[in-house]
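Reading the structure
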Amino acid sequence: MPFREVNSKMVEATVLPGQRMFSQRGAMLAYRGEVSFTPNVQGGQGGVMSMIGRRLANEATPLMTVEGSGTVLFGHGGHHVQVINLTGDTLYVEADRLLAFDGTLQQGTMFLGSQGGVMGMVRGQVTGQGLFTTTLKGHGAVAVMAHGGVFEIPITPQRPVHVDPQAYVAHHGDVRNKLSTALGWRDMVGRGSGEAFQLELSGNGAVYVQASEEKL
């Protein structure tokens, strides 16, 4: 179910019979045809575990199941919208940045500490983004939201990428993440961005960075 970028803040999705997609509540701007929007109590394809992860992460972002036959315009809050196409790999993205995604994608929840160890946990505490992040895996399209536009930066084994944690939108590929800091533990208190913290991403893949540090 492909997305067509209407402009930088709006995408159009084609809804086909027998298929479904998920969107953030309040993301529908307009639609044509016979399309239904139903609150999703299963947490998308991730089921109950996905819901638990979202609640533990304090990510109360409800989803709507979109079905029928027609086209839907999606956007939210005037935020920039970026379409990411997955070809079998996994996308890691904060739940509140999801605008809409194909129902064919398998949704899950990952504890950041499992990749970044203790420092991954610190990142969640400092940035306020939670200790969990949403995962989407498979073949399909995802529309994510950001402030001020999105830039995709390739990640290669020879060239890891360092990102301000609050500018981070999403990443995909075989990528490891860890939080690094040039300051001591006492200096870290109360500082959540800038030179104090850097999210290091290494491996093979890409990271999406927004033009603003403003949190959604």
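In this text the structure is predicted, and so the values were computed from the model without any measurement.

Rules behind the numbers
Residues numbered from 1 in each chain as written. Predicted model: local features only at pLDDT ≥ 70, side-chain atom pairs only at ≥ 80, totals over all residues. Heavy atoms only, no water. Helix = DSSP H or I, 4+ residues; strand = E, 2+ residues; numbered from the N terminus. Buried < 20%, exposed > 50% of the residue type's maximum accessible area, 1.4 Å probe, protein only. Contact = heavy atoms within 4.5 Å. Areas by Shrake-Rupley, 256 points an atom, 1.4 Å probe, with all protein chains shown as cover. pLDDT = per-residue confidence, 0-100. Pairing = 2+ DSSP bridges.

A word on the overall build of the chain. When helices and strands are tallied, the chain shows three helices and 13 strands. Sorting the 216 residues of the chain into buried and exposed places 50% on the buried side. Here the analysis covers contacts within the chain between residues at least 6 apart in sequence; of these, 81% occur between residues at least 24 apart. Of the roughly 10,100 Å² of accessible surface on the chain, a fraction of 53% belongs to carbon and sulfur atoms.

A few words on the side chain of Thr65. With respect to the element layout, Thr65 can be found in strand 5 (residues 63–74). In contact with Thr65, not counting residues within four places along its chain, are Arg20, Met21, Phe22, Ser36, Phe37, Thr38 and Asn40.

Attention now moves to the confidence of the model for the chain. Overall, the prediction assigns the chain a mean pLDDT of 79, with 69% of residues at 70 or greater. Confidence, read as mean pLDDT per element, is least for helix 1 (residues 47–56) in the chain (45) and greatest for strand 2 (residues 10–15) (96). When the criterion is pLDDT under 50, residues 116–130 qualifies, and its contacts beyond four places in sequence or with other chains add up to 39 contacts.

What follows concerns the pairing of strand 2. Two strands pair when backbone bridges link them, and strand 1 (residues 3–7) and strand 2 are joined in this way by four bridges, in the antiparallel orientation. Across the sheet, the residue bridging to Asn7 is Met10, located in strand 2. If you look at the hairpin formed by strand 1 and strand 2, you'll find two residues sitting between the two strands. When strand 2 meets strand 5, the two strands line up antiparallel, connected through five bridges. Residue Ala13 lies in a different strand from strand 5, and its bridge partner there is Val72.

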